[in-house]
Amino acid sequence: MDDLTYTLRQLCLRNRDGSHATQADRQRSLSLAARQLREVGFRQMRATSLKGKHVEALLQRWQTEGLSAGTLKNRMAHLRWWAEKVGKAGILPADNTKLGIPERRYVTNESKAKELGDGLDRITDSHVRMSLRLQAVFGLRREESIKFQPRYADRGDHIAIKGSWAKGGRDRTVIITMPEQRAVLDEAHRLAGLGSLIPSHKIYIQQRHVYDGQCKAAGLSNMHGLRHRYAQMRYEVLTGWRAPAAGGPKQEMLSANQQLQDLQARQRISRELGHERTSITAIYLGR
């Protein structure tokens, strides 16, 4: 292992920002960056050697590879993290457009919502089945549903999501509004007891592999769609009409009062889903 790859790995191990998935993505991305820098002739580097010319070389290569705006933004976020940790945050502009990276384009008004349906009956692992049910009724991410600790999360009228379970390491709450949510939560208590939905003899990554394998065997794919379905159901409850992605009216068809309701619903759903930007709800709800 070359010095740059090694020192970047050590940097990641010392700074465990974000969820397990975020950390894993970051380490993979930075290892790729180290290899590609070596391929274009930058040798004898360490993590602290980062300069603007290295960023420019990587960005130029990635742009010639035709990567999507979303992939470019994710990789630049990892480079910014690297620069910040070695005290060189100033070598990258905060605005990606200054680097020639276009705004990310989201496909809206095309629903990606999914329901569990009969596929749940084909899941044989009780912990995976419960994780999927929690995803469906609370709009949880996969990692959140696997690490879920009912005893900690259940606050009576809402659930509390630990930052260590969540993307970006942000705590949040999700209100309990339906009897089905309470029923699923009560069953989760009985299954997990004082622990989480990771069996006591496993660690997170092992249970995630079980989750992925069970879903594949059951013919269930892209279960993030359960989160889309939750967002659309919440929108209809909060506004009284369906989301655009679910066949509801587009924004220009709404009255001024309805547009205010639309905005307030999106703000609330954004918080429940754990997103900082309300605009991200367009992915789930359409526009």
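A quick note: this is a predicted structure, and the numbers were derived from the prediction, not measured.

K.L.:
Where do I start with the overall build of the chain in this structure?
P.N.:
Assigned secondary structure in the chain consists of 12 helices and two strands. In the chain, the order of α-helices and β-strands from amino to carboxyl end is α-α-α-α-α-α-α-β-β-α-α-α-α-α. Taking the principal axes of the C-alpha coordinates as reference, the chain spans close to 60 × 55 × 35 Å. Every one of the 287 residues in the chain was classed for burial, and the buried ones make up 45%. When contacts within the chain are restricted to residue pairs at least 6 apart in sequence, long-range pairs at least 24 apart make up 64% of them.

K.L.:
How should I be thinking about the packing of helix H1 (residues 3-14) against helix H2 (residues 20-39) in this particular structure?
P.N.:
The description of two packed helices rests on the angle between their axes and on the distance between the axes. Axis separation between H1 and H2 bottoms out at 9 Å; the angle between their running directions is 160 degrees. Regarding the angle of H1 to H2, the classification is roughly antiparallel. Relative to H2, the crossing made by H1 is right-handed. Along the contact surface, H1 presents Leu4, Thr5, Leu8, Arg9 and Cys12, while H2 presents Arg26, Gln27, Leu30, Ser31, Ala34, Leu37 and Arg38. Partitioned by chemical class, the residues of the contact of H1 with H2 number six nonpolar, three polar and three charged.

K.L.:
Sorry, what's going on with the environment of Gly119 here?
P.N.:
With respect to the helices and strands, the residue Gly119 is situated in the loop between helix H4 (69-85) and helix H5 (126-138). Taking the relative accessible area as the measure of exposure, Gly119 reaches 4% and is therefore buried. For the pair Gly119 and Arg227, spaced 108 residues apart in the sequence, the C-alpha separation amounts to 16 Å. Each residue touching Gly119, except ones within four places of it in the same chain, is listed here: Ala218 and Leu220.

K.L.:
I would appreciate a short explanation of the packing of aromatic side chains in the present structure.
P.N.:
Aromatic rings considered in pairs are described by the distance between their centres and by the relative angle of their planes. One pass over the full model with this rule turns up three aromatic pairs. Taking the centre distance of 5.8 Å and the plane angle of 70 degrees together, the rings of Tyr152 and Trp165 count as edge-to-face. Of this pair, Tyr152 sits in helix H7 (residues 150-153) while Trp165 sits in the loop between strand E1 (158-161) and strand E2 (172-175), and the two are 13 residues apart along the sequence. With centroids separated by 6.4 Å and ring planes inclined at 80 degrees, the aromatic side chains of Tyr235 and Trp241 adopt a geometry described as edge-to-face. What makes Tyr235 buried here is its relative accessible area of 0%. Assessed through its relative accessible area of 14%, Trp241 is described here as buried. Aromatic ring contacts, followed pair by pair, group Phe148, Tyr152 and Trp165 into a single cluster. Over the ring of Trp62 we find Arg75; its NZ or CZ atom is 5.2 Å from the centre of that ring. The ring of Tyr152 carries Lys162 above its face, with NZ or CZ at 4.7 Å from the centroid.

K.L.:
In this structure, what is going on with the packing of H2 against helix H3 (residues 52-64)? I would like to understand it.
P.N.:
At their nearest, the axes of H2 and H3 sit 10 Å apart, and the two run at 95 degrees to each other. One way to sum up the angle between H2 and H3 is to call them roughly perpendicular. Facing Ala33, Gln36, Leu37 and Glu39 of H2, the residues of H3 in contact are His54, Leu58, Arg61 and Trp62. Across the contact of H2 with H3, the residue classes tally to four nonpolar, two polar and two charged.

K.L.:
What should I look at first to understand the layout of surface pockets in this one?
P.N.:
To find leftover empty space, one rolls a probe the size of a water molecule over the atoms. Within this model, the second largest pocket holds a volume of roughly 260 Å³. Lining the second largest pocket are 14 residues, with Glu115, Leu116, Ala136, Val137 and Glu180 sitting closest to its centre. Only H5, helix H8 (179-192) and helix H10 (225-239) provide two or more residues apiece to the lining of the second largest pocket. Each residue belonging to the lining of the second largest pocket can be placed in one class, and the counts come to eight nonpolar, one polar and five charged.

K.L.:
Sorry if this is basic, but what is going on with unusual backbone geometry here?
P.N.:
Excluding glycine, a negative phi dihedral is what most residues carry, and trans is how most peptide bonds are arranged. Non-glycine residue Gln44 carries a positive phi angle of around 60 degrees. Note that Gln44 resides in the loop between H2 and H3. Look at Asn222: it is not a glycine, yet its phi comes out positive at around 50 degrees. A relative accessible area of 47% means that Asn222 is categorised as partly exposed.

K.L.:
Would you mind showing me how to read the nonpolar core here?
P.N.:
Soluble, globular proteins show a tendency: their nonpolar side chains are buried together. With 31 residues, the main nonpolar core has Leu134, Phe138, Phe148 and Ile159 as its most contacted residues. Elements with a minimum of two residues in this core: H5, E1, H8, H10, helix H11 (256-273) and helix H12 (281-285). In contact with Phe148, other than residues within four places in its own chain, are Leu134, Leu140, Ala153, Ile159, Ile161, Trp165, Leu185, Gly195, Ser196 and Leu197. The next biggest cluster of nonpolar side chains, apart from the first, holds 24 residues, and it includes Leu4, Ala34, Met45 and Leu59.

K.L.:
Looking at this structure, I do not really get the pattern of salt bridges. What am I missing?
P.N.:
Two side chains with opposite charge may pair up if their charged atoms get near one another. Taken as a whole, this structure holds 17 salt bridges when the rule is applied. Between Glu143 and Lys147 there is a salt bridge whose closest N-O contact spans 2.6 Å. Within this pair, Glu143 and its partner Lys147 are both found in helix H6 (residues 142-147), separated by four residues, close to a single helical turn. What makes Lys147 buried here is its relative accessible area of 14%. It is possible to trace a salt-bridge network through shared partners that takes in Arg35, Glu39, Arg61 and Glu65.

So, how was this worked out
Residues numbered from 1 in each chain as written. Predicted model: local features only at pLDDT ≥ 70, side-chain atom pairs only at ≥ 80, totals over all residues. Heavy atoms only, no water. Helix = DSSP H or I, 4+ residues; strand = E, 2+ residues; numbered from the N terminus. Buried < 20%, exposed > 50% of the residue type's maximum accessible area, 1.4 Å probe, protein only. Contact = heavy atoms within 4.5 Å. Axes fitted to C-alpha atoms, helices over the stretch in contact; angles between N-to-C directions. Parallel < 35°, antiparallel > 145°, perpendicular 65-115°, else oblique. Left-handed = near helix turned anticlockwise from the far one by under 90°. Nonpolar A, V, L, I, M, F, W, Y, C, P; charged D, E, K, R; others polar. Phe/Tyr/Trp six-rings, centres within 6.5 Å; stacked < 30°, edge-to-face > 60°. Lys NZ or Arg CZ within 6 Å of the ring centre and 35° of its normal. 1 Å grid on protein atoms, 1.4 Å probe; cavity = no way out; pocket = protein on both sides within 12 Å on 5 of 7 lines; lining within 4 Å. Points joined across faces, edges and corners; volume = space filled by probe spheres on them. Core = buried A, V, L, I, M, F, W, Y, C linked by side-chain atoms within 4.5 Å. Salt bridge = Lys/Arg side-chain N within 4 Å of Asp/Glu carboxyl O.

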